Amino acid sequence: MFEKILIANRGEIACRVARTCKRLGIPVVAVYSDADANAPHVRMADEAVRIGPPPVKDSYLSIEAVIAAAKQTGARAIHPGYGLLSEKEAFCRAVNEAGIVFIGPRPEALDAFGDKIKAREVAKRVSVSPPPGTDGPISANDVEFATREAERIGLPILVKAAGGGGGIGMQIVEDLGKLPRALTACSDRGKSAFGDARVYLERYMRAPKHIEVQILADTHGSVVALGERECSVQRRHQKIVEETPSPAPFFQGEAGEAKRKDLFEQAKRIVRSVGYVGAGTVEFVASGEGEIFFLEVNARLQVEHCVTEMVWGIDLVEQQIRVAAGERLAPEVLAAEGRGHSIEARVYAEDPAKKFAPQPGRIEKLVWAPAGGDLRIETGVEEGSEVTPFYDPMIAKIVASGRSRAEAIARLDEALAQTTLELVGPAGPAATNLPFLRQVLASEAFVGGRYDTLFAEALAKEKR
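The text that follows walks through the structure, step by step, so that each part is easy to find.

Calculation notes
Residues numbered from 1 in each chain as written. Predicted model: local features only at pLDDT ≥ 70, side-chain atom pairs only at ≥ 80, totals over all residues. Heavy atoms only, no water. Axes fitted to C-alpha atoms, helices over the stretch in contact; angles between N-to-C directions. Helix = DSSP H or I, 4+ residues; strand = E, 2+ residues; numbered from the N terminus. Left-handed = near helix turned anticlockwise from the far one by under 90°. Contact = heavy atoms within 4.5 Å. Nonpolar A, V, L, I, M, F, W, Y, C, P; charged D, E, K, R; others polar. 1 Å grid on protein atoms, 1.4 Å probe; cavity = no way out; pocket = protein on both sides within 12 Å on 5 of 7 lines; lining within 4 Å. Points joined across faces, edges and corners; volume = space filled by probe spheres on them. Core = buried A, V, L, I, M, F, W, Y, C linked by side-chain atoms within 4.5 Å. Buried < 20%, exposed > 50% of the residue type's maximum accessible area, 1.4 Å probe, protein only. Pairing = 2+ DSSP bridges. Phe/Tyr/Trp six-rings, centres within 6.5 Å; stacked < 30°, edge-to-face > 60°. Lys NZ or Arg CZ within 6 Å of the ring centre and 35° of its normal. Salt bridge = Lys/Arg side-chain N within 4 Å of Asp/Glu carboxyl O.

### Some points on the packing of helix α1 (residues 11-23) against helix α11 (residues 316-324)
Part 1: Running from amino to carboxyl end, α1 crosses α11 at an angle of 65 degrees, the nearest separation of the two axes being 9 Å. Here α1 runs over α11; the crossing is right-handed. Along its contact with α1, which presents R16, V17, T20, C21 and R23, the element α11 presents V317, E318 and I321.
Part 2: Taken together, the residues of the contact of α1 with α11 break down into 4 nonpolar, 1 polar and 3 charged.

So, in structure tokens, the structure goes:
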């Protein structure tokens, strides 16, 4: 086991990784920007190193600064968390070249899945179907070719940034007259966010459901699928409520269970084909009738990993660390079975009435529902913390479980009702999405499991 681990991240995921390290008796090194000098993840660590000013490009995205911090403190491994540098092949290679262990996939896997076009090719090679789309990248300037491809694929289509993620660089096009503008916008967004201006086209499924499979793989050839998560409560293509198992009608009964097992096998075939190591998520898009297509692989820990941990009883961060240290997946992990149901709600400093616009401010009062057992609070803030415009405005994740889905919904709603969160911005009291999350849980579509990726934004419009 590693003698010391540096966590190349911030906020709630840095705190969450630190807790597992401490339980395993592994000292932790935190890194921080000037904006996070007094953050909880810094205080939790055994050592902390400043890596730059608040902008992420000058601190948390600085490969040189992170590796220098690891060398300075003698950390033998780096856990990247999620987001930031977690899926950057260049970071993984630099860590390895520095003689430090990267707690995550090999560089070759990050290369295969970091590019959405390459990921489609990987899936097709193992007989897993992505949505109909272009076979390669297209130029944003070649409108004539893009128009012919759009006509071949069929409207509506999605224009997608090849190096994108988190819903960045995506636009739905239902009118070919709007295709040129969408090509330019997605290309520009991809270049600014990911340094990659390439785009491609993919058929857009109306009212889709977002389903993903959690996998774990070790260096000895073992791969296990730990259930599926339903992540269709989204705004701007980004998730705000996730649950496992999926309540989708097409997963019900014997036929549904067979579909679920086939999905797990598809996910395992994809990751095996590139020698994947560690935790990862294979994402799919589904129609209401259950037609399912491969979307992408998130080659890292997901924000929503907590619901899987609650149902399957497995600490995914611990497994990441053990696999990175060369251990085999234990028999109890390979034979694990899910029990009950779990739902996660992401608490954001944002205003659903204003198209979910971020609301920077100071947390003046914060009281969580009592955690433990069937309730888990994942956060990296406290009373007095600043929600700055430099980083994602997520404040916490509240995760509830129960023997049934109805029980999990009731427990999560109770926890949200017991939470007090007062945020004050520059102009006075600022909004959070706490009330909206309770509206989601109470809605007929959610309770019935009949929601899709358009549901949350439609509900927000109803409540304005």
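### A word on empty space enclosed by the protein
Part 1: Going through the model one piece at a time under the given rule, you end up with 2 cavities of 30 Å³ or more.
Part 2: Estimates place the volume of the largest cavity at around 60 Å³.
Part 3: Mapped onto the lining of the largest cavity, the elements with two or more residues apiece are β12 (278-286) and α11.
Part 4: For the lining of the largest cavity, the leading source of residues is α11, giving 3 residues.
Part 5: Here the lining of the largest cavity is built from residues that sort into 6 nonpolar, 3 polar and no charged.
Part 6: In this structure, the second largest cavity occupies an estimated 30 Å³ of space.
Part 7: Its residues assigned to classes, the lining of the second largest cavity comprises 5 nonpolar, 5 polar and 1 charged.

### A word on the nonpolar core
Part 1: If you look at the biggest cluster of nonpolar residues, it comprises 72 residues, and the most contacted ones within it are V233, I395 and F446.
Part 2: Residue contacts for I395: discarding those within four places in its chain leaves V347, Y348, A349, I363, W368, T379, G380, V381, V387 and L421.
Part 3: With 58 residues, the next largest nonpolar core counts F250, A267, V271 and V274 among its residues.

### Points about the sheet that holds strand β21 (residues 420-425)
Part 1: One open sheet holds the 4 strands; their spatial order is β19-β17-β21-β22, and the pairing between them is antiparallel. Each edge of the sheet is formed by a strand with only one pairing partner; in this case those strands are β19 (386-387) and β22 (428-430).
Part 2: As paired strands, β21 and β22 are joined by 3 bridges and run antiparallel to one another. Counted as the bridge partner of G425 is G428 from β22.

### Observations concerning the layout of surface pockets
Part 1: By volume, the second largest pocket is sized at about 380 Å³.
Part 2: Residue lining of the second largest pocket: 22 residues in total, with G227, E257, R260, F264 and W312 positioned closest to the centre.
Part 3: Broken down by class, the residue content of the lining of the second largest pocket amounts to 9 nonpolar, 6 polar and 7 charged.

### Section: the packing of aromatic side chains
Part 1: Taken as a whole and judged by the stated rule, the model has 9 aromatic pairs.
Part 2: Pairwise contacts between aromatic rings join Y60, F390 and Y391 into one cluster.
Part 3: Taking NZ or CZ as reference, R260 lies 4.6 Å from the ring centre of F251, over its face.
Part 4: Here the guanidinium or amino end of R405 rests over the ring plane of F446, the centre of that ring lying 4.7 Å away.

### Brief notes about the pairing of strand β18 (residues 375-379)
Part 1: Within β18, 5 of the 5 residues are buried, leaving the element largely enclosed by the surrounding structure.
Part 2: Burial along β18 is two-sided: L375, I377 and T379 and R376 and E378, pointing in opposite directions, are all buried.
Part 3: As defined by bridge partners, β18 adjoins strand β20 (residues 394-402) across 5 bridges and the pair is classed as antiparallel. Directly across from I377, in β20, lies its bridge partner I398.

### Quick notes on the pattern of salt bridges
Pairs may arise between side chains of opposite charge once their charged atoms sit close together.
Part 1: Counted under the stated rule, the structure contains 47 salt bridges.
Part 2: In this structure, the salt-bridge partner of D34 is R50, at a minimum N-O distance of 2.6 Å. Remark: R50 occurs in strand β3 (residues 47-52) and D34 occurs in the loop between β2 (28-33) and α2 (40-44); sequence separation between them is 16 residues.
Part 3: Among the ionic pairs, R376 bridges to E378, the shortest N-O distance being 2.7 Å.
Part 4: Exposure remark for E378: the relative accessible area of 2% places this residue in the buried category.
Part 5: Through salt bridges with shared partners, a single network forms among R16, R19, R23, E309, D315, E318, R322, E327, R376 and E378.

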